[in-house]
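# Notes for the structure review
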Number of protein chains: 2
Amino acid sequence: MIRIAIDAMGGDFGPKAIIPALDMVLKGRPEVHFLIYGDEVKIKKYLSRYKNLNRQVTIFHTDKMVQNDDKPSTALRASKGSGMRMAIEAVKNGEAEAVVSAGNTGALMAMAKIVLKTVPGIHRPAIASVMPGIHGDTIMLDLGANVLVDADTLVQFAVLGSVFARANKTRDQQGAQDDKPPSVGLLNIGSEETKGPEHVREAGEILSRIDFPGEYKGFVEGNDITRGTVDVIVSDGYAGNISLKTAEGVGHLVRTYLKESFKSSLLSKIGAFFAYFALRDLRERMDPRRYNGGVFLGLNGVCIKSHGGADALGFSSAVILAVRLARQGYIEQIARDIGHLTDQENLLSEDD
Amino acid sequence: MIRIAIDAMGGDFGPKAIIPALDMVLKGRPEVHFLIYGDEVKIKKYLSRYKNLNRQVTIFHTDKMVQNDDKPSTALRASKGSGMRMAIEAVKNGEAEAVVSAGNTGALMAMAKIVLKTVPGIHRPAIASVMPGIHGDTIMLDLGANVLVDADTLVQFAVLGSVFARANKTRDQQGAQDDKPPSVGLLNIGSEETKGPEHVREAGEILSRIDFPGEYKGFVEGNDITRGTVDVIVSDGYAGNISLKTAEGVGHLVRTYLKESFKSSLLSKIGAFFAYFALRDLRERMDPRRYNGGVFLGLNGVCIKSHGGADALGFSSAVILAVRLARQGYIEQIARDIGHLTDQENLLSEDD
């Protein structure tokens, strides 16, 4: 049995989107059990429609919830007894293997840091996500948990991302582990060693000489994210967040153009009718809901942030990611690999 | 007459793409005269096909050219007599109002800085470009002439971008100037004042209290670029370049998906046939060639970099941008506005 703690009241839609999402997750994953935190009446209202799901949940009632526009510090102070906090505590206490919330990102990160704590040796947690690419998926981090960071922190992100990439690669294929180390690139503004800001150049220099769970491939540029040049792209949260949001914006622009183009004339409308299957295929491949779910890496527990605006399909992607990671024992792997990194740092500084 | 200096040998295709591009520019702009620098035999080979264009050009022969993979420092040392250098010098000497090159970006920037010099008071030149958006175009800078910069430099970029936005707004409508100040946003990872790296927060604080040719609207995020939230988006070259390249990558991903979707089945192929006009419309709106042309802002002269891989249509967009800016006297405007900014800085520091 895999137990996932769900903050049911977060996000724009709350239980209305979240409960159907859990039912989607259950299909093909009968071993999952959900601990659901939030307003019992609202949760049960939607839950009653899903018989199978009903048997696989435990509801923990609370009236208290973190507001989407609360500052992290305010939310943290008032968080005791909130659904978000209780769901995180379930992971801390070993009652669940992972927590998923669509609520306030800053509050979730602050609470997860306080409750779960970081893996020993980790400087700062990072947010990672899976990005779609022409030649397969790419893991990208940090997406905004931090702003500018130092070179050592970027190196730690490379470790966190590599372990995540390996866990994600195996996906739902239990057992069969791919032992090839994930390829890792540093996000920069050019591929030459002399390019870019100092923290990125220094991290590149360190990654090219240390032993870590990935294979360092040098600098990559913004267009490598969708190209699938490497399995893992490492960046500070400043560049990473701006890049992620830019990608979202371009995706939205294209969807708007697509709709307008197919409505621009009668002929175009007829075209849209005949192109129905091709357009459906395109829409599915471009669907950002398939890539929903930001993973907080570096914490002593699996915590996943769903986009606040996610609908049922979107939220289900985030929960499926949680199930995948809960299976992989990847927290233990991160602890081992960060320990290995710290050993090398000690060796390196002894050399000085 | 507007005279544009053209480095004919730069880019992936050289005169083969550049000469037809100039013919495109001439249509509707009979007042433009081109000074073309490069290998006379190769230039004339393509020029002979365009009778009208032939009457509007002067060719300056040189065998010497900057290679696409030369380091800027190497290119600079060996640049005397190269087509790129001669074209820049034509602007310096008042023989042309603007220069356009599809050659090596680093070399072009280095030469333009040495030959044209920066406008007095400017810390660092920036590269700006026009980006497409749902609600109209957005000017974005810096796109990679710099990496991380200080707050004062970001403030100067806001001035450079505002003057450019005004010149770009008037487009080819000679005379009728839109007097509304362009709206300006700072690219950041959140809209709250407390978010983001120090140099961005400090620049925001300065922009909210000084008088400059734009109207400061606060922080914007990556998805605001295509949303058209503001007329000008200011960032350092690190975040700006990564954002630009990410947008290019997503555009490429979508075009690949689109092609694949419409070839995936017989029905989809029939759909593509009926959807021809809608797809053509979409392709045109998404066409990155329409947005080709990076403007070096802050120099004593108009210098425009075309994408190296630009074809004739792409290169013509860069030249049309050059014609537009050559008309506007925008160098004089920048000098005035940077002077005004420096006066305020002096006043502000006297207040301390």
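Each remark here, short or long, concerns the structure printed above.
The notes below deal with the structure included here. (Residues numbered from 1 in each chain as written. Chains lettered and ligands numbered in written order. Predicted model: local features only at pLDDT ≥ 70, side-chain atom pairs only at ≥ 80, totals over all residues. Heavy atoms only, no water.)

## With respect to the relation of the copies chain B and chain A
- Mapping chain B onto chain A calls for a screw motion: a turn of 180° about the axis and a shift of 0.0 Å along it, with 0.0 Å RMSD after fitting. On this basis, the relationship between the two copies can be described by a two-fold rotation axis.
- The overlap is high: 100% of the interface residues of chain B also sit at the interface in chain A, so the same surface is used on both sides. (Least-squares fit on C-alpha atoms with pLDDT ≥ 70 in both. Contact = heavy atoms within 4.5 Å.)

## Brief notes about the environment of Leu160 of chain B
Residues and elements named next belong to chain B.
- One can find Leu160 in helix 7 (residues 151-170).
- Judged by its relative accessible area of 0%, Leu160 falls in the buried class.
- The spacing of Leu160 and Leu341 is 181 residues in sequence and 11 Å in space, taken between C-alpha atoms. (Helix = DSSP H or I, 4+ residues; strand = E, 2+ residues; numbered from the N terminus. Buried < 20%, exposed > 50% of the residue type's maximum accessible area, 1.4 Å probe, protein only.)

## Quick notes on the pairing of strand 10 (residues 294-297) of chain A
Residue and element names in this part refer to chain A.
- Residue alternation in strand 10 divides its side chains into two sets, Gly294 and Phe296 and Val295 and Leu297, and both sets are buried.
- Pairing of strand 5 (residues 126-131) with strand 10 involves 3 bridges; the strand directions are antiparallel. Each bridged residue has a counterpart across the sheet, and for Ala128 the counterpart in strand 10 is Val295.
- One ladder, built from 3 bridges, connects strand 10 with strand 11 (residues 302-305); its direction is antiparallel. Across the sheet, Phe296 pairs through a bridge with Cys303, a residue of strand 11.
- Here strand 10 folds back onto strand 11 in antiparallel fashion, the turn holding 4 residues, of which Gly298 has a positive phi close to 105°. (Pairing = 2+ DSSP bridges.)

## A few points about helix 13 (residues 312-328) of chain A
Residues and elements named next belong to chain A.
- Helix length check: helix 13 (17 residues) gives 25 Å between terminal C-alpha atoms against 24 Å at 1.5 Å per residue, within 8%.
- Within helix 13, 14 of the 17 residues are buried, leaving the element largely enclosed by the surrounding structure.
- The N-terminus of helix 13 is capped by Asp311, whose side-chain oxygen sits 3.2 Å from the backbone nitrogen of Leu313.
- Looking one or two residues beyond helix 13, the residue adopting positive phi is Gly329, at roughly 60°. (Expected span 1.5 Å × (residues − 1). Polar contact = N/O pair within 3.5 Å; in protein donor to acceptor, adjacent residues only side chain to side chain.)

## Description of the packing of helix 11 (residues 266-274) of chain A against helix 11 (residues 266-274) of chain B
- Here helix 11 of chain A crosses helix 11 of chain B at 175°, and the two axes come no closer than 8 Å. With respect to their mutual orientation, helix 11 of chain A and helix 11 of chain B come out roughly antiparallel. Residues Leu267, Gly271 and Phe274 of chain A of helix 11 of chain A form the contact with helix 11 of chain B, whose own contacting residues are Leu267, Gly271 and Phe274 of chain B.
- Classifying every residue of the contact of helix 11 of chain A with helix 11 of chain B by side-chain character gives 4 nonpolar, 2 polar and no charged. (Axes fitted to C-alpha atoms, helices over the stretch in contact; angles between N-to-C directions. Parallel < 35°, antiparallel > 145°, perpendicular 65-115°, else oblique. Nonpolar A, V, L, I, M, F, W, Y, C, P; charged D, E, K, R; others polar.)

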